[in-house]
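Descriptive structure summary
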Amino acid sequence: MKKILPATLLTVLLVIFAAVPMNVNAAVYQQGVIYVIYDATGEAAPQNMTDLNSNGVPDVIEDIATQINAARELFNGELNFPDPLNCERFQGVTSIEIDIQSKERMTRDNGKSFTGMAYSKVRKNSKHNPNEQALHFRIANTVDPRRNSAPTHEYFHLIQYSSTYFQNKWFVEGMARWSQDAVSKINKYPDGKNVEQILNNETEEEQLFRKSYGASKFLWYPLAVNMNDKVTIPSRLVNKYRYVDGSPVFHDDVFYGPNVMRKTLQVMKSKEELAAASEQYANVGEWRQKGRGDARNNKIIMDCVREVYNSEK
Ligand SMILES: [Zn+2]
């Protein structure tokens, strides 16, 4: 007699296969808690296949993991930002997976050209081990970390998701763009003299709320400079993190703004209940699901920035 798979078992099998869409070309490179999943051949393979240390792994793949581990040790080990692998929101998550994908595919999936994309949804069955949970982001196969800080940007999104559910663009993208300065210096810092005006002027505020990445130069950098928040990256870290070709991950040891950003994230976390109540969500749980990008959050986030700004005066 022919055996028929019970529907429930079939569903379980389908879910498992759907959760592990590993490609036959897929290779996994591990560096600590970071797993980079890439195609060794084909159109999604890294565009630069240089392998200076002849270990069979393209250098850009190792360099992506190195940049993320460097950012991790700086932000979490040194500067006390919330750790995505040790926080309330992502309990039980033990690793971070990075999918390397062709630029065409990322553009197709998102409708825009992106070099990276981070997710707040946990991968319940990680690709490298279906029994482990992972956070994940995507990086385009065109990215060379020696010239591109997209891995730091995407990793910082995971820090933001670990810190607060607020997800308005000028905050999420603007502050993540700021974080890139840890490994790739902007040419010229703003003087920060116009911060008072931005914090106290409705027109400026409205302009800010419409921004995304541009909020970094409009608000976050000026705020960091204005508040004189300048830290030195320890030489231990500067010396430790190098790309395969020997060049340093941290271009110098100056970093503006980490204390201001960390405090802002802390204050934002404390305002989630207030946001939920004032925007008439049933509770903070519903707000976290449906309201985290609500336009009405803008004013609340701005109040958080003001609170941090005024606390240091
Ligand atoms: Zn981003």
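Residues numbered from 1 in each chain as written. Predicted model: local features only at pLDDT ≥ 70, side-chain atom pairs only at ≥ 80, totals over all residues. Heavy atoms only, no water.

**Description of the pattern of salt bridges**
Where charged atoms from two side chains of opposite charge come close, those side chains can pair. Counting across every chain of the model gives 22 salt bridges. Between Arg-146 and Asp-245 there is a salt bridge, with the nearest N and O atoms lying 2.8 Å from each other. Pair noted here: Arg-146 is in the loop between strand S5 (133-140) and helix H4 (150-163) and Asp-245 is in the loop between helix H9 (235-240) and strand S7 (254-256), with a separation of 99 residues, a long-range link. Given the relative accessible area of 36%, Asp-245 is considered partly exposed. Taken together, the shared-partner salt bridges in this structure form one network comprising Glu-202, Glu-205, Lys-299, Asp-303 and Arg-306. (Salt bridge = Lys/Arg side-chain N within 4 Å of Asp/Glu carboxyl O. Helix = DSSP H or I, 4+ residues; strand = E, 2+ residues; numbered from the N terminus. Buried < 20%, exposed > 50% of the residue type's maximum accessible area, 1.4 Å probe, protein only.)

**What about the sheet that holds S5?**
Pairing is mixed in the open sheet, where five strands are placed in the order S1-S2-S3-S5-S4. Looking at strand neighbours, the two that pair on one side only are strand S1 (26-31) and strand S4 (116-118), the edges of this open sheet. This sheet shows a mean twist of 25 degrees between the axes of neighbouring strands, independent of strand direction. Examined bridge by bridge, strand S2 (residues 34-39) and strand S3 (residues 93-101) share four bridges and lie parallel to one another. Its bridge partner being in S3, Ile-37 is matched across the sheet by Asp-99. Each of S1, S2, S3 and S5 touches helix H2 (residues 59-78); the most contacted strand, S1, lies at about 35 degrees to it. Of the strands in this sheet, S3, S4 and S5 are in contact with helix H3 (residues 103-110), which crosses S5 at around 110 degrees. (Pairing = 2+ DSSP bridges. Axes fitted to C-alpha atoms, helices over the stretch in contact; angles between N-to-C directions. Contact = heavy atoms within 4.5 Å.)

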